[in-house]
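Structural features, examined
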Amino acid sequence: MIKLKSGKIAVVGAGLSGAVIGRELAEAGHEVEVFDTRDHIAGNCHTERDRETGVTVHVYGPHIFHTDDREVWDYVNRFEQFMPYKNRVKTTSNGQVYSLPINLHTINQFFGKALRPDEARAFIEELSDTTIADPKTFEEQALRFIGRELYQAFFEGYTKKQWGCSPAELPASILKRLPVRFNYDDNYFFHTYQGMPENGYTEMVGRILDHPNITVHLQTRFHRDWGGDFAHTFYSGPLDGYFDYEYGRLGYRTLDFERFTYEGDYQGCAVMNYGDASVPYTRITEHKHFSPWEKHSGSVCYREYARACGPDDIPYYPIRLVEDKAQLAQYLARAAQEPFVTFVGRLGTYRYLDMDVTIREALDAARLFLSVPAARAPDPKRQAPFLKPFELPPVIDTNLPYPRAR
Ligand SMILES: Cc1cc2nc3c(=O)[nH]c(=O)nc-3n(C[C@H](O)[C@H](O)[C@H](O)COP(=O)(O)OP(=O)(O)OC[C@H]3O[C@@H](n4cnc5c(N)ncnc54)[C@H](O)[C@@H]3O)c2cc1C
């Protein structure tokens, strides 16, 4: 029988998962050691002031906080003031700028019309390809919903660039609902609470980690052999990496950011997508528009390119295609046999997770851990609460690249 160890808790990763878990355990009286390979905290949400322009930059890509979870909203506001922010995304297609998600303005502008909601609904129905009775692919589903013109302008090229494959190779399940709004609402997210941390995410995570029971070790790669020194490990690093890639590498897309500066306002909005396949990047982020309460004459922008993730690249988006699923099942089986390790976060569970979901799961994981009396043998519930092979989301995640329609 496995005996429960006593002592400190290791938390691998100083991103949102690690910081929130570390804080919960520290407040409950545990001594926590947090490890991160990077030279900064906050993981992929990391923000820093650009030396040249003074603008707060989202170093690993644009991050907008949005949630319906009141407890999570209160939690982040406890550590940082959130400023009102609405995410309004534009897209350039074939030399024209349109509003996203596809809404009444987009439709009227694209087709040179002045339709009212009911007229637009009927018009889109006319455009839809009704010969496709049972859509099997993402492409067929899009054609069935919105017709060829809108599909080509807003989905085809973007998807190829983002995922490195044709929408005809992706399952129809990606596009579950009609991706169109028949009003002028261009707020990208539907969540009740939406905002931006006044001083950036790294300041916020710094305050979460600021507790006398927490020690943070930066530039320190945790290896599973170290687990023996700790009563329990919460691991938010890559699941396959924990097992030294024994069954191969899980598929990810990575991103390259090409930084450039501009004197003035480069594009007039935070995020401009590029739908055409002929433009090699997927979007340009102009970071100063994420902090509209600040004034900066200079501007810093990132051109964003997506590509297959190699061994030395940062894993960004889990692909979760069919071949990854079989590999994932092998890693999940191994993970379930680790009695003193809880796998958490976007890398530890190989899922795309928004920040609010990450925080929710981190709070739940810590509470589950704390709810099991230390004197008992390890409770299987506490080992890997989010690694349930039967709860895999369908094949590929659509959170970021695709607008969500009601
Ligand atoms: C481009 C992009 C844009 C996004 N935009 C949004 C958005 O607008 N809104 C939103 O809600 N969410 C967004 N997200 C999601 C958000 O980034 C995640 O929710 C969040 O980063 C998850 O936090 P985490 O702690 O689980 O993972 P991470 O932030 O990745 O942290 C994991 C940490 O573990 C460290 N690590 C890994 N292995 C080891 C090891 N062996 N030893 C020590 N340290 C290790 C890593 O260095 C990393 O710092 C976006 C994601 C991406 C990729």
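Just above, that's the structure.
Residues numbered from 1 in each chain as written. Predicted model: local features only at pLDDT ≥ 70, side-chain atom pairs only at ≥ 80, totals over all residues. Heavy atoms only, no water.

1. Here's the deal with unusual backbone geometry
Note the following rule: The helix and strand labels rest on DSSP assignments: H or I over at least four residues marks a helix, E over at least two residues marks a strand, and numbering proceeds from the N terminus.
Cis rather than trans, the peptide bond between leucine 100 and proline 101 has omega equal to -15 degrees. Mapping proline 101 onto the fold places it in the loop between β8 (96-99) and α3 (104-111). One non-glycine residue, alanine 42, lies in positive phi territory at about 85 degrees. Residue placement: alanine 42 occurs in the loop between β2 (32-35) and β3 (47-49).

2. Notes on the site of the ligand
The following threshold applies: Think of it this way: one heavy atom of a residue within 4 Å of a molecule or strand is enough to make that residue near it. Polar contact is the term for a pair of N or O atoms within 3.5 Å; when the atoms are in protein, one must be able to donate a hydrogen and the other to accept it, and sequence-neighboring residues count only if both atoms are side-chain atoms. Surface exposure here means Shrake-Rupley accessible area, sampled with a 1.4 Å probe, where a residue is shielded only by the protein chains that are shown.
Taken together, 35 residues form the shell around the ligand, and within it Ser17, Asp36, His63, Leu353 and Met355 come nearest. Between the ligand and asparagine 44, the relevant distance is 2.8 Å, taken from an oxygen atom to a main-chain nitrogen or oxygen of the residue. Between the ligand and the protein, one listed contact pairs an oxygen atom with a backbone N or O atom of methionine 355 at 2.7 Å. Burial of the ligand by the surrounding chains reaches 97%, relative to a free accessible area of 990 Å². Among the secondary structure elements, those contributing two or more residues to the shell around the ligand are α1 (16-27), α9 (345-348) and α10 (355-371).

3. Focus on the sheet that holds strand β9 (residues 193-197)
Inclusion rule: DSSP calls a pair of strands paired once it identifies at least 2 bridges connecting them. Each axis is a line fitted through C-alpha atoms, and for a helix only the stretch in contact is used; angles between axes span 0 to 180 degrees, taken between their N-to-C directions.
Spatially, the three strands line up as an open sheet ordered β5-β9-β6, and their pairing is antiparallel. Every other strand in the sheet has two partners, leaving β5 (65-67) and β6 (82-84) as the edge strands with one partner each. Direction aside, neighbouring strands of the sheet carry axes that sit 40 degrees apart on average. Pairing of β6 with β9, which is carried by three bridges, proceeds in the antiparallel orientation. Its bridge partner being in β9, proline 84 is matched across the sheet by glycine 195.

4. Things to note about the pattern of salt bridges
As a reminder, the rule being used: When a carboxyl oxygen of Asp or Glu is within 4 Å of a side-chain nitrogen of Lys or Arg, the pair counts as a salt bridge. Between buried and exposed lies partly exposed: a residue is buried under 20% and exposed over 50% of the maximum accessible area for its type, with that area taken using a 1.4 Å probe on protein chains only.
All chains considered together, the criterion is met by 27 salt bridges. The shortest N-O distance in the salt bridge between arginine 259 and glutamate 52 comes to 3.1 Å. A residue pair is termed long-range when its members are at least 10 positions apart, and arginine 259 in strand β12 (residues 252-263) and glutamate 52 in the loop between β3 and β4 (56-58) qualify at 207 residues. Take glutamate 52: its relative accessible area is 57%, and that puts it in the exposed class. In this structure, arginine 307 engages aspartate 313 in a salt bridge whose closest nitrogen and oxygen atoms are separated by 2.9 Å. Each of Glu24, Asp69, Glu71, Arg360, Asp364 and Arg367 takes part in salt bridges that share partners, so that together they form one network.

By themselves, these observations are geometric and do not establish any function.
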